[in-house]
Amino acid sequence: AEIIPIRGNDQTWTYVGNGMKMGKQEHMASAAEELMAKPALGVMGVSKSTTLLIDDDPRNIKRSLKDGTRAVWINPRDPNRLLSDILLLK
C-alpha cells in the first residue's frame, strides 16, 4: 500500500502533462506518471481504459467519463453499494 500514490488538494504534487486538468483527471494522471516512472514496480500501460475513478462528487464522475476514463460514483449515504456498482462495469 505504501507504493500507491495519493493525491489530494494539498499542493504536494504537480501535473505538467497535456491531459485534462479539471476534476480529478490531473490527480489520476499525476499518480499514473509517478508509478510508471519507477521501473522496479513493473507498472506499465496505465491509461484511461485501465484506470477507475471512485468519487463521491458527481461532477468529478461526469468530467472523468467525458474525458474517457471509467468512473463510479460512491454514494456517501449508501457506500456498501460500491462493489456492486463496480461489478456492473464492462
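Our subject in this report is the structure included herewith.

Parameters and conventions
- Residues numbered from 1 in each chain as written.
- Predicted model: local features only at pLDDT ≥ 70, side-chain atom pairs only at ≥ 80, totals over all residues.
- Heavy atoms only, no water.
- Helix = DSSP H or I, 4+ residues; strand = E, 2+ residues; numbered from the N terminus.
- Buried < 20%, exposed > 50% of the residue type's maximum accessible area, 1.4 Å probe, protein only.
- Areas by Shrake-Rupley, 256 points an atom, 1.4 Å probe, with all protein chains shown as cover.
- Salt bridge = Lys/Arg side-chain N within 4 Å of Asp/Glu carboxyl O.
- Contact = heavy atoms within 4.5 Å.
- Pairing = 2+ DSSP bridges.
- Right-handed = clockwise from strand over helix to strand, strands pointing away.
- Patch = residues over 30% accessible without salt bridge, like charges linked within 9 Å, V, L, I, M, F, W, Y side chains within 5 Å.

1. A look at the overall build of the chain
The helix and strand tally for the chain stands at 3 helices and 2 strands. Across the chain, helices and strands are ordered from the amino to the carboxyl terminus as α-β-α-β-α. Projected onto the principal axes, the alpha-carbon positions of the chain cover approximately 35 × 25 × 25 Å. Across the 90 residues in the chain, those meeting the buried criterion constitute 28%. About 6700 Å² of surface is accessible on the chain, with carbon and sulfur atoms providing 57% of the total.

2. Let's talk about the pattern of salt bridges
The final tally for this structure, using the stated rule, is 6 salt bridges. Residue Asp 55 is joined to Lys 24 by a salt bridge in which the shortest nitrogen-to-oxygen separation is 3.2 Å. Residue Asp 55 is located in strand β1 (residues 52–55), and its partner Lys 24 is located in the segment before α1 (25–36); the two are separated by 31 residues in the primary sequence. The class for Asp 55 is buried, based on a relative accessible area of 6%. On the basis of relative accessibility, which here comes to 26%, the residue Lys 24 falls in the partly exposed class.

3. Re the environment of Leu 87
Along the chain, Leu 87 falls in helix α3 (residues 82–87). Between the C-alpha atom of Leu 87 and that of Ile 6, which follows or precedes it by 81 residues, the distance is 24 Å.

4. Some details on the environment of Ile 3
Tracing the sequence through the fold places Ile 3 in the segment before α1. Separated by 59 residues in the primary sequence, Ile 3 and Lys 62 place their C-alpha atoms 28 Å from one another. If we skip the residues at most four places from it in the chain, Ile 3 touches Leu 35 and Leu 41.

5. Section: the side chain of Gln 25
Along the chain, Gln 25 falls in helix α1. With residues up to four places along the chain from it excluded, the contact list for Gln 25 reads Met 20, Ser 64, Asp 67 and Thr 69.

6. What to know about the pairing of β1
By the alternation rule, side chains of β1 split into Leu 53 and Asp 55, which are all buried, and Leu 52 and Ile 54, of which none is buried. Pairing between β1 and strand β2 (residues 70–73): 4 bridges, direction parallel. Residue pairing for β2: Asp 55 is matched across the bridge by Trp 73. The parallel pair β1 and β2 is bridged by helix α2 (residues 58–66), and the resulting crossover is right-handed.

7. Observations concerning a nonpolar patch on the surface
A cluster of nonpolar side chains, Ile 3, Ile 4, Ile 6 and Leu 41, forms an exposed patch at the surface whose accessible area comes to about 390 Å². Classification of Ile 4 by relative accessible area gives exposed; the value is 52%.

These values are about where atoms sit, not about what they do.
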